[in-house]
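Here is how the chains run, residue by residue.
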Amino acid sequence: MRDRGFLHQCTGIVELDKRLSEGCVSAYLGFDATADSLHVGSLLQIMILRHLQKSGHKPIVLIGGGTSKVGDPTGKDESRVMLTEDIIQKNTDGISKVFQKFLTFGDSAPSDAIMVNNDEWLSSLKYLDFLRDYGSQFTINRMMSFESVKQRLEREAAFSFLEFNYMILQAYDFLELYRRHNAILQLGGSDQWGNMVSGTELGRRCEGAQLFALTAPLITKSDGTKMGKTAGGAIWLNADKLSEYDYWQFWRNTSDEDVIRFLKLFTELDLPEIAKLEELKGSEINQAKVVLADEATAMLHGRDCLPLIHETVKNMFQGAGQSTDSLPRVYVSSSDVEGDGKRFADLFVELGLAGSKKEARRLIAGGGAKLGDTKIENEVATLTSVDFDDRKEVVLRAGKKRAGVVELQ
């Protein structure tokens, strides 16, 4: 894991290494239910759990149904929007599906993964009892020293008492998971370091347990932009939010400077095999990008989708046939495209080719939007029945490598 670039910080790394070599260790990773899908920025942590399971250890996926009611202030300029119980449940259902793709769940082997929800214990806490039993274990002095708190205060943004409690609840999660499932290792991003260390300290004070915290680096691309975001929006992991084709294209469009690093982090290719790909120069580097796209996409969506993706790429960029089966698709009715029709800007957003109408209009104004091979010139131009020309579908293109289908029903 060190050689692949997963390790950033770790408490008691020598002792942890010893525990990992002695037998099965239960390790957990938490995700709040703030959206109905995870995006590729969460993938690094999931890959660590996957590697641990393949090495004989037990992954615990913690869904933050309880902490989602509070909101993690880390890295935020302002308070999160308060979520209703129904939205939290919908988001929980959405993000839970992803883990089935990467981990083996069950109860037949010691290394089988489990999924738990901190709403089970947080929502039933009695406030005064919790303050009495655990409030004395935290000092305001220490909490004010956390980077997430300092950054928030420096921005002069309102920092509610509700959010200030988040770090205490995260620490308590670790203690509760140790008591319930013998979890001794918490995984997370480097921005969570302070909260995670607080959890190890709470376990020591309350149970005399040696707990460990291990963070991975926050991944940015070589251009400094955040991993998981593009001009077209977030790179979601759920297929109903982002097509297999667009997911493949995200990895295929990796920069030359990032491709080897991402092969180590986001695929399971052996390091010697990756070293061979590292020797490629010039345009040959594109071969490594295709390998990255294939391996990353197969892990999430299965290998069965790759032939259709390859065929679509060939059709779009090498002038072959007309298969559009793997492209994202939206449907319109005859009434939608009669008269004035439906604006292209709206269609680009619905297809996920633009993150907002503003982005779609900017794409059109910049000359990057096309209907088939014809450039869309006007930001308020519309798709009408005439554009179908007795066909059942048309292709919209965003730049050279992204496209989607509008099908007439």
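In what follows, the structure referred to is the one given above.
Residues numbered from 1 in each chain as written. Predicted model: local features only at pLDDT ≥ 70, side-chain atom pairs only at ≥ 80, totals over all residues. Heavy atoms only, no water.

(A) Region of the structure containing the pairing of strand β2 (residues 26-32). In terms of burial, β2 is largely enclosed, as six of its seven residues are buried. Both β2 and strand β3 (residues 58-64) contribute to a ladder of seven bridges, which runs parallel. Bridging from a neighbouring strand, A27 pairs with P59 of β3. Where the polypeptide runs from β2 across helix α2 (residues 43-54) and back to β3, its parallel neighbour, the crossover connection is right-handed. Taken together, the four bridges between β2 and strand β5 (residues 183-189) define a ladder with parallel strand orientation. When the bridges of β5 are listed, Y28 appears paired with Q186. (Buried < 20%, exposed > 50% of the residue type's maximum accessible area, 1.4 Å probe, protein only. Helix = DSSP H or I, 4+ residues; strand = E, 2+ residues; numbered from the N terminus. Pairing = 2+ DSSP bridges. Right-handed = clockwise from strand over helix to strand, strands pointing away.)

(B) Structural detail: the sheet that holds strand β14 (residues 393-398). Sheet architecture is open: five strands sit in the order β9-β15-β14-β11-β12, paired in mixed fashion. Two strands close off the open sheet at either side, each with one partner strand: β9 (329-332) and β12 (374-375). Examined bridge by bridge, strand β11 (residues 369-371) and β12 share two bridges and lie antiparallel to one another. Within β12, the position partnered with K370 by the bridge is K375.

(C) Seen up close, the side chain of D294. In this fold, D294 is placed in helix α14 (residues 285-301). Of the side chains with opposite charge, R303 comes closest to the buried, unpaired D294, at an N-O distance of 6.2 Å. Those residues in contact with D294, other than ones at most four positions away along the chain, are W248, L306 and H310. (Lys, Arg positive; Asp, Glu negative; His and termini not counted. Salt bridge = Lys/Arg side-chain N within 4 Å of Asp/Glu carboxyl O. Contact = heavy atoms within 4.5 Å.)

(D) Quick peek at the packing of aromatic side chains. Under the criterion given, the structure shown has ten aromatic pairs. When the ring of F130 is compared with that of Y134, the centres are 5.4 Å apart and the planes differ by 45°; the resulting orientation is tilted. With F130 and Y134 both in helix α5 (residues 127-134) and four residues apart, the pair spans about one turn of that helix. Judged on exposure class, the residue F130 and its partner Y134 are both buried. Residues F250 and W251 carry aromatic rings whose centres are separated by 5.0 Å and whose planes lie at 75° to one another, so their mutual orientation is edge-to-face. For F250, a relative accessible area of 11% gives the class buried. An aromatic cluster is defined as three or more aromatic residues linked by ring pairs; in this entry it consists of Y247, F250, W251, F262 and F266. Directly above the ring of W236 sits K241, whose terminal nitrogen or CZ lies 4.4 Å from the centroid. (Phe/Tyr/Trp six-rings, centres within 6.5 Å; stacked < 30°, edge-to-face > 60°. Lys NZ or Arg CZ within 6 Å of the ring centre and 35° of its normal.)

(E) Fine view of the side chain of N238. Of note, N238 is situated in the loop between β8 (233-234) and α11 (244-252). A residue is classified by how much of its surface remains accessible, and N238, at 5% relative accessible area, is buried. Side-chain polar atoms of N238 contact the backbone oxygen of D36, separated by 3.3 Å. Setting aside its immediate chain neighbours within four residues, N238 contacts D36, S37, G94, K97 and V98. (Polar contact = N/O pair within 3.5 Å; in protein donor to acceptor, adjacent residues only side chain to side chain.)

(F) Structural context of the packing of helix α9 (residues 166-181) against helix α10 (residues 193-207). One can describe the packing of α9 onto α10 by two numbers: an axis separation of 8 Å at closest approach and a directional angle of 50°. In this view, α9 runs oblique relative to α10, as classed from their interaxial angle. Remark: the crossing between α9 and α10 carries right-handed chirality. Residue-level inspection shows Y166, M167, Q170, A171, Y172, F174, L175, Y178 and R179 of α9 in contact with α10, the latter providing N195, M196, S198, G199, T200, L202, G203, C206 and E207. Its residues assigned to classes, the contact of α9 with α10 shows ten nonpolar, six polar and two charged. (Axes fitted to C-alpha atoms, helices over the stretch in contact; angles between N-to-C directions. Parallel < 35°, antiparallel > 145°, perpendicular 65-115°, else oblique. Left-handed = near helix turned anticlockwise from the far one by under 90°. Nonpolar A, V, L, I, M, F, W, Y, C, P; charged D, E, K, R; others polar.)

(G) Region of the structure containing unusual backbone geometry. Its identity is not glycine, yet N182 carries a phi of approximately 60°, on the positive side. Relative to the helices and strands, N182 resides in the loop between α9 and β5. We classify N182 as partly exposed; its relative accessible area is 47%.

(H) How the structure looks around the pattern of salt bridges. All told, the structure shown has 21 salt bridges when counted by the stated rule. One salt bridge connects D133 with R132, and the closest N-O pair in it is separated by 3.2 Å. Shared partners join several salt bridges into a network, and the residues in it are D36, K90 and K241.

(I) Just a positive patch on the surface, in detail. On the surface, R343, K358, R361 and R362 cluster together into a positively charged patch. No other element matches helix α18 (residues 357-365), which puts three residues into the positive patch. Secondary-structure assignment places K358 in helix α18. (Patch = residues over 30% accessible without salt bridge, like charges linked within 9 Å, V, L, I, M, F, W, Y side chains within 5 Å. Areas by Shrake-Rupley, 256 points an atom, 1.4 Å probe, with all protein chains shown as cover. Charge placed at Lys NZ, Arg CZ, Asp CG, Glu CD.)

(J) Spotlight on the environment of E295. Residue placement: E295 occurs in helix α14. C-alpha separation for the pair E295 and F266, spaced 29 residues apart in sequence, amounts to 8.3 Å. Excluding anything up to four places from it in sequence, E295 contacts T267, L269 and R303. For E295, the side chain forms a polar contact with the side chain of R303, separated by 2.8 Å.

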